[in-house]
Amino acid sequence: MDALQVVASATQIVSGMIGAVTALEHASRNLDEAPKRIQSLDEFVCELEKLSRRLKQKHVYKLHNPQLDHKIQSLNALIERLHPKISKARRIYSRSKIKNMAKVVWNSMAGDPLGKIGDSIRADLNWWLESQSLAHNVEKAVESTARDVPMRLKINTEQGYPISSKGNFVKSLLEQEDSHRVILIVGLSGIGKSCLARQVASDPPARFLGGAVELGFGHWCSRSACNGNKFEYHKRLARKVCKFLVKIGFWKKIMNEYSGDLEHVCYLLQEALYGKSILILLDDVWEQDIVERFAKLYDNNCKYLVTTRNEAVYEITEAEKVELSKDDITDISKAVLLYHSLLSEEELPGVADGLLERCGHHPLTVAVMGKALRKELRAEKWEKAITNLSTYATCAPGPVSYVNEKEAENTLTIFGSFEFSLDAMPEDSRKLFIALAALSWAEPVPEACVEAIWSVIGQESLFPLVVCKLVEGSLLMKMETDPLYLVHDMVILYLDSKINDSVEILLNESTLEGTAYICPWLLIFGKENIKLNSEQKILHFLSAEAKQAVVILNSIIHVIMASKSISELDSSRASFSSILGPQIAELILTNSESLIAVSAEAITNIFSEDDYCNYFPSLENTGIVSTLASILEICEDPMIQTNISVILAKLAEFGSPETVNKVLEAIPFNQIADFLSPNCEEWHESIFTILMSLTKAGKSKAVEKMFAFEIDKSLLKLLENGSEVAQHDAIVTLKTFYELESPPENGSLRPTNLNLLPWQARFRLERFVLSDGNVPVSPMPQMLEDLIHKLVDSDKMKMLEAMQDLIPIVEKASEPIMRDKILKSQLIKRLSELLQYEHSEKNSIKSQSAFLLTKLACSGGEPCIKMFLEYDIIPELVKMMQCSVTDLQDAAYTALHQMLFGSGGSLILNRVLRMSLVERMTQSLESKSVKTRDVNMQCLLDIVELGNKACLERIFSLQVVEKLIKVEKTSGGSGEILVRFLKGMDKCKNLSVAERRVMKQQVIRKVRAVIRGHKFETRIVGALDACVSEGSKGGTSSSTGKQRK
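If you're wondering where the values come from, they're calculated on a predicted model, not measured in any experiment.

Reading the values: rules and limits
Residues numbered from 1 in each chain as written. Predicted model: local features only at pLDDT ≥ 70, side-chain atom pairs only at ≥ 80, totals over all residues. Heavy atoms only, no water. Helix = DSSP H or I, 4+ residues; strand = E, 2+ residues; numbered from the N terminus. Buried < 20%, exposed > 50% of the residue type's maximum accessible area, 1.4 Å probe, protein only. Contact = heavy atoms within 4.5 Å. Pairing = 2+ DSSP bridges. Axes fitted to C-alpha atoms, helices over the stretch in contact; angles between N-to-C directions. Right-handed = clockwise from strand over helix to strand, strands pointing away. Expected span 1.5 Å × (residues − 1). Polar contact = N/O pair within 3.5 Å; in protein donor to acceptor, adjacent residues only side chain to side chain. Phe/Tyr/Trp six-rings, centres within 6.5 Å; stacked < 30°, edge-to-face > 60°. Parallel < 35°, antiparallel > 145°, perpendicular 65-115°, else oblique. Left-handed = near helix turned anticlockwise from the far one by under 90°. Nonpolar A, V, L, I, M, F, W, Y, C, P; charged D, E, K, R; others polar. pLDDT = per-residue confidence, 0-100. Salt bridge = Lys/Arg side-chain N within 4 Å of Asp/Glu carboxyl O.

1. Regarding the overall build of the protein chain
Scanning the protein chain from N- to C-terminus turns up 52 helices and 8 strands. For the protein chain, the proportion of its 1045 residues judged to be buried stands at 53%. The long-range fraction of contacts in the protein chain, counting pairs at least 24 apart against all pairs at least 6 apart in sequence, stands at 75%.

2. Section: the pairing of strand 2 (residues 212-216)
With 4 of its 5 residues buried, strand 2 lies for the most part within the structure. Pairing of strand 2 with strand 3 (residues 279-283) involves 5 bridges; the strand directions are parallel. Bridging across to strand 3, Glu214 finds its partner in Leu281.

3. A word on the sheet that holds strand 4 (residues 303-308)
Spatially, 2-3-4-1-5 is the arrangement adopted by the 5 strands of the open sheet, whose pairing is parallel. At either margin of the open sheet sits one strand with a lone partner, and together these are strand 2 and strand 5 (320-324). Direction aside, the axes of adjacent strands within the sheet are offset by 20° on average. Of the strands in this sheet, strand 1 (182-187), strand 2, strand 3, strand 4 and strand 5 touch helix 7 (residues 193-202), which is tilted by about 160° from strand 4. Taken strand by strand, helix 8 (residues 230-247) contacts strand 2 and strand 3, and its axis lies near 160° from that of strand 2.

4. Topic: the pairing of strand 3
Counting buried residues along strand 3, 5 of its 5 residues qualify, which places the element largely inside the surrounding structure. Of the two faces of strand 3, the one carrying Leu279, Leu281 and Asp283 and the one carrying Ile280 and Leu282 are both buried. Bridge count for strand 3 against strand 4 is 4 bridges, and the pairing is parallel. Residue pairing in the sheet places Ile280 in a bridge with Tyr304 of strand 4. In this view, the connection linking strand 3 to its parallel neighbour strand 4 by way of helix 10 (residues 288-295) has right-handed handedness.

5. A word on helix 38 (residues 796-810)
Helix length check: helix 38, at 15 residues, gives a terminal C-alpha distance of 21 Å against a target of 21 Å (1.5 Å per residue), a fit within 8%. Every buried residue of helix 38 is accounted for by Met799, Leu800, Ala802, Met803, Leu806, Ile807, Ile809 and Val810.

6. Considering the side chain of Asn605
Structurally, Asn605 is set in helix 27 (residues 593-606). With a relative accessible area of 4%, Asn605 lands in the buried category. Reaching out from Asn605, the side chain makes a polar contact with the backbone oxygen of Glu601 at a distance of 2.8 Å.

7. Looking at the sheet that holds strand 7 (residues 477-478)
Pairing within the open sheet is antiparallel, and its 3 strands lie in the order 6-8-7. A single partner strand is all that each edge strand has here, and the edge strands are strand 6 (445-446) and strand 7.

8. What to know about the packing of aromatic side chains
Inspection of the entire model under this criterion finds 17 aromatic pairs. Between the aromatic rings of Phe707 and Phe737, the centroid separation amounts to 6.1 Å while the plane-to-plane angle is 85°, which identifies the pairing as edge-to-face. Within this pair, whereas Phe707 is found in helix 33 (residues 681-708), its partner Phe737 is found in helix 35 (residues 724-740), the two being separated by 30 residues in sequence. Note on Phe707: relative accessible area 12%, which makes it buried. Consider the rings of Phe707 and Tyr738, whose centres lie 6.2 Å apart with planes at 35°: the pair is tilted. Taken as a pair, Phe707 in helix 33 and Tyr738 in helix 35 lie far apart in primary sequence, 31 residues in all. Like Tyr738, Phe707 is buried. The structure contains a cluster of three or more aromatic residues connected by ring pairs, namely Phe607, Tyr612, Tyr615, Phe616 and Phe654.

9. Some details on the packing of helix 22 (residues 512-525) against helix 23 (residues 528-542)
Taken N-terminus to C-terminus, the directions of helix 22 and helix 23 make an angle of 135°; their axes are 8 Å apart at the nearest point. The angle between helix 22 and helix 23 falls in the class oblique. The two elements helix 22 and helix 23 meet at a crossing, and its hand is left-handed. Here helix 22 contributes Leu512, Thr515, Ala516, Cys519, Pro520, Leu522, Leu523 and Ile524 to the contact with helix 23, which in turn contributes Ile530, Lys531, Ser534, Glu535, Lys537, Ile538 and Phe541. Across the contact of helix 22 with helix 23, the residue classes tally to 10 nonpolar, 2 polar and 3 charged.

10. Overview of helix 48 (residues 949-957)
Counting buried positions along helix 48 yields 7 of 9 residues, so the element is predominantly enclosed. When we look at burial in helix 48, the residues that qualify are Cys951, Leu952, Glu953, Arg954, Ile955, Phe956 and Ser957. Near the N-terminus of helix 48, the side chain that reaches the backbone nitrogen of Ala950, with its oxygen 3.3 Å away, is that of Asn948. The positive-phi residue at the C-terminal boundary of helix 48 is Gln959, with phi of around 60°.

11. Focus on the confidence of the model for the protein chain
Looking at the protein chain as a whole, the pLDDT averages 79, with 80% of positions reaching at least 70. Here helix 4 (residues 103-110) stands out as the least confident element of the protein chain, with mean pLDDT 43; helix 22 is the most confident, with 93. The low-confidence segment residues 97-111 (pLDDT under 50) makes 12 contacts with residues lying over four places distant or belonging to another chain. For the stretch residues 771-782, pLDDT sits under 50, and the model shows 8 contacts to residues farther than four places along the chain or on other chains.

12. Regarding the pattern of salt bridges
For the coordinates displayed, the defined rule picks out 42 salt bridges. Across the salt bridge formed by Glu962 and Lys1006, the nearest N and O atoms sit 3.4 Å from each other. Of this pair, Glu962 sits in helix 49 (residues 960-970) while Lys1006 sits in helix 51 (residues 993-1011), and the two are 44 residues apart along the sequence. Take Lys1006: its relative accessible area is 22%, and that puts it in the partly exposed class. In this structure, a network of salt bridges that share partners links the residues Arg223, Glu263, Glu287, Asp289 and Arg293.

13. Brief notes about the packing of helix 18 (residues 447-457) against helix 19 (residues 463-472)
Two elements in contact, helix 18 and helix 19, have axes whose closest approach is 11 Å; the angle formed by their N-to-C orientations is 110°. Classified by the interaxial angle, the pair formed by helix 18 and helix 19 is roughly perpendicular. Here helix 18 contributes Glu447, Val450, Glu451 and Trp454 to the contact with helix 19, which in turn contributes Phe463, Val466 and Val467. Looking at the contact of helix 18 with helix 19, its residues break down into 5 nonpolar, no polar and 2 charged.

14. A short note on the environment of Pro446
Its place among the elements puts Pro446 in strand 6. The spacing of Pro446 and Phe525 is 79 residues in sequence and 9.1 Å in space, taken between C-alpha atoms.

15. Looking at unusual backbone geometry
The phi dihedral of Asp299 falls on the positive side, at around 60°, and the residue is not glycine. In this fold, Asp299 is placed in the loop between helix 10 and strand 4. What makes Asp299 partly exposed here is its relative accessible area of 47%. The backbone of Ser474 shows a phi angle near 65°, a positive value even though the residue is not glycine. As for its position among the elements, Ser474 is in the loop between helix 19 and strand 7.

16. Some remarks on the side chain of Ser924
Secondary-structure assignment places Ser924 in helix 46 (residues 917-924). Apart from residues no more than four positions distant in its own chain, Ser924 is found in contact with Gln882, Thr932, Arg933 and Asn936.

17. Section: the environment of Ser618
Assignment of secondary structure puts Ser618 in the loop between helix 28 (609-615) and helix 29 (624-634). Measuring from C-alpha to C-alpha, the distance between Ser618 and Leu651 comes to 10.0 Å, with 33 residues separating the pair along the chain.

This is the structure:
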C-alpha cells in the first residue's frame, strides 16, 4: 500500500462520516436519535484509528518515505481533532437529558449546540478531504513543471580550503543585479584563485536557477602553447567550448564536421545559453578573447567567474576585478596546513607560523609542505623544512613556459616546495614523477597511461604504492569517481623543466621492448614534441624485429582500450590507423605467426569502415588471402582464428568478386559453426561480424555456402538456448540469410517448430516459412473504402468492428497491389486522426488504431513508414506512452518497437532524434508512474540498440544513465535495468568492438560516481561488473598481459 492507497482507504471512511454528521444534525432536533448518531461517529473514528495503526504496523520499514509518512500523520491529526468534539457532543446530550427541557426552550437557550458540534465536525472532515485533493492537484502540477525543469548544474568544492572573507565578497558581487557580468579573480600562481572560485560556485546565489558549471582552459588553450598558430589555437578553443556545451546538456547540434569551427561552435553557445541563468566558472584563462567570447553573449542571465594570472586578461574593462593578496589568504593558511598535516592546532609546533610565512601563505605551497610533514610533531623537523625550502627555492629550475615576471620569486618558492616534497619520497616515486613530464596534462590522464609509464621504470606490482606517494604529496591528484589523474597548473610548469630527463628515462635508458611499449602511449598522451619522436620510433619498431613489432601492436590495443570517451577513441584510432594502414601488407606477409595474429587483432580494434575501404583493396594482389588461410589450417587458438577470419571477411567485403570467391573457399565454416555453440559466447560477437561481412560480400552465394555447413541450424540452436544478445544477433543474421536465399527444404526452420522459438524470432521469421496458400485472398478494393468510411462513424462499436475487419487487409500490405491501394486510400490519415482522440471513452479506438499501424509497419515496410512520418504519427505514439492509461501505453510502445525494428526503422529513428522525442522519453524516466517509466525506458533501450555513436553520446549527455540509476534506487537496486542498458549496447551493430567497450566503461564510471555510498552500491556495481566481464570473455588477448618483456 503506497501513499495514494492510504488516502483512498481513509477517504472511504471519512466520506461515510459526513453522512453520519448529517444524521447528527437531524438528531439535534430529535434528541432521542442523538445517542445512536454519536455512537456511529465514534465507531467511524475508531475505524480510522485502527486503519492508522494497521498502516504503521504493515509499513514500519517504509515510513522513511516522506510522502507516506505525511499522509499517515495527516490522518492522525484528523483523529485528534475529532475525538474532543465527539466527546463534547456526548456531554451536551447528557446535560440536555438531565435538564429535561422542552426542545424549543433548549434550542432557544443553547442555540442548538449539538448542531454546532455537527457543523464543526463536518468542517474538519471536509477540510481533510479538500486538503488531500489539493495536495494531489498540486503534486500533479509540480510534477508537470518538474518534467520541463533541467537538472541544476553543480560544482564540487575543494576539501581542506575554508571559505574566506574574500569569498563572501565575491558572493555579494554575484548577488547584485547591477554588477558586471564578468568577475575576474586575479593573483599570484598557487595563491588559491581556483579554490576560492570553486568555493563560491559550489553554493551559487539562488538567482542562478541553472546552478553553476566549470570549464577549465589552462596553458594548453593559449596562443603561446600553439606557437602562435591561430588555426590550432581556435581548434583547441572550439574543443573546449564543445565540452562545455555537452556539460550543460546542449548536444543535439554539435556535429563532428563543425567541432573544429570556432565561429560555428560560438553560434551554438549563444543558442545554448539563451534564456539561461547559470554561474559559469572559466578557470585558468590565458587569453583575453576567451572571456570576451563568453561576455558578449546576449539574452541570458549568466555571470562569469574568471580566474587568471595573465596580465593581458586583466585589461578587460567591463569586469569586476577581485585581487587575491597575501593578506586575503593569511587567515586561512593555517587551516590549510592543519588539514594536510593531519594535526590539531594544539599539536602544531610553534615554528609552524615561520613555515607559513616562508611559504608566503600560498595554499598550494602550504598544502605540499603540510603533506610532506604529515603527522610530524618534532619542532626540529619543521625548522629543517623551512631551511630546506629556502635552499630548494634558490636552486629550483625556473619555469620554461610563460609566467608573469612579478611572479618569479613566488614561482621559485612553489617549485622549491615540490623539490622538498620529492626529496622526502622514495626513489621510485621521484623517478615516476620526473617521467610524467613527457605527458601533456592538458586533460586528465588515464591511470592505465601512468601505470604504463611506471612499467617501463620498475616492478609493475609496486605501482599502487609508488603513485600513492605522489598523490599524498599533492604532486598528483586522482579524481574521486574516475581512474584518472591530473595536476595543478604550477606542477605542469615545473614538469616542463624536466622534459629532457623524462625522455632520457623512457626512451633512452629503457630496454628496446620497454621503449616499444611506451611509444604508443606517448603518441596519444604526450607533449607535442614528444609525439613526433614517438611516431618515428613506432614506425621504426614496426619494421624492425617481429618481437618489437608485437610489443608495439599490443601496446596500441591497450592505448585504444584506455580511451575515456568515444571522441577520444576516434582520435586515437585515427592516429594509429594512419600509421598501420600503409604497413598492413608488410606486417601480415611475414613469417611470424604471432605478429600476424596480433596484427589482425590490432586491425579489428583500430580500423573503421573508411579505413577498410582505403587500405584493403590494395592488398588483393599480395597473396594475403592464401597467407591467412594457411595459418587458419594449422592454428588452434580461438582468438587467432576469429581475428584472422574477421580480416578475411573484411577483405571480401571491400574486395573484388575474385577476392570474395577466394575468401569463401578459405574461411573454415565448420569452425564457424562450432563457435556458434551456446557455450562459446565469448566468440559470438566476432563470429556474427564475420557472417554479416561475408553475406554483404558474397550475397546468395555466401548464404548457400553457410547453409551447406548448417550455419542456419547452429543459429536456430542459439535461438533456443543462447543468451539474450546471442538470440538477437541470431535473429538478425537469419533474417538476412532468408532475404537473400529461401530456407533450405531440409533446414530446421519449418512451420511445425516455429512456435518453439521466442516470440521475437517468430515475429521476424514467420513470413519466410509460412505458405502463401494459407493466407486469405486479398479483399476487393471497395471493401477497403467501405471500412475506412466506417471509421468516421459516431458509433463506437461499428468503428471497432471495422477495425477488426481491416486486420486481414493490412496484413496483406506486403503484396505490391494491396500496398498501393492502402497508400492511395485515406486509411493511414484516418488512423493518425484517431490517435489524437482525447476522450477516455475513445481509448479502445486509440489502442486499436495503434495496433493497425503496427500491422501496417510490419507488412507494408518502408513505403508505409514514410506515410506515418508524413502524418506525424510518431510524436502521437510517444505522447501515448506518457499518458496514464496502461493499455494505451502498451499499444503505443508495441507500435513504435515494431516500426523501429522493421523495414524503414532508420527513418523512424531519425525522426525521433530530430524532433527531440528522445528528450521527452528521458524526462519520463522521472515519472512517478511505474508503467510510464517502464515503457519509455524500453523504448530508449530500443534506441540504444539501433543507434550509432552520435546517438549514444547524445543519450549519455541527456543523463539517461543517471536517471536509470535513480530508478534502480527506488526499485530494489538489483542492477537489472542498467544491465539491460549494457546489453542494448552489446546488441548495437553500429558500434565496433572497441567503441562498445569504451562506452560500457563510461556507463560503469557514471554508475560508480552516482551510486557511491548508497546501500545498493555493492549489488548494482557487482551486477554491472559481471555483465561487462561476461561480455568481454573473448576480449583482446593482450588484455591479460603486456607481452613486452
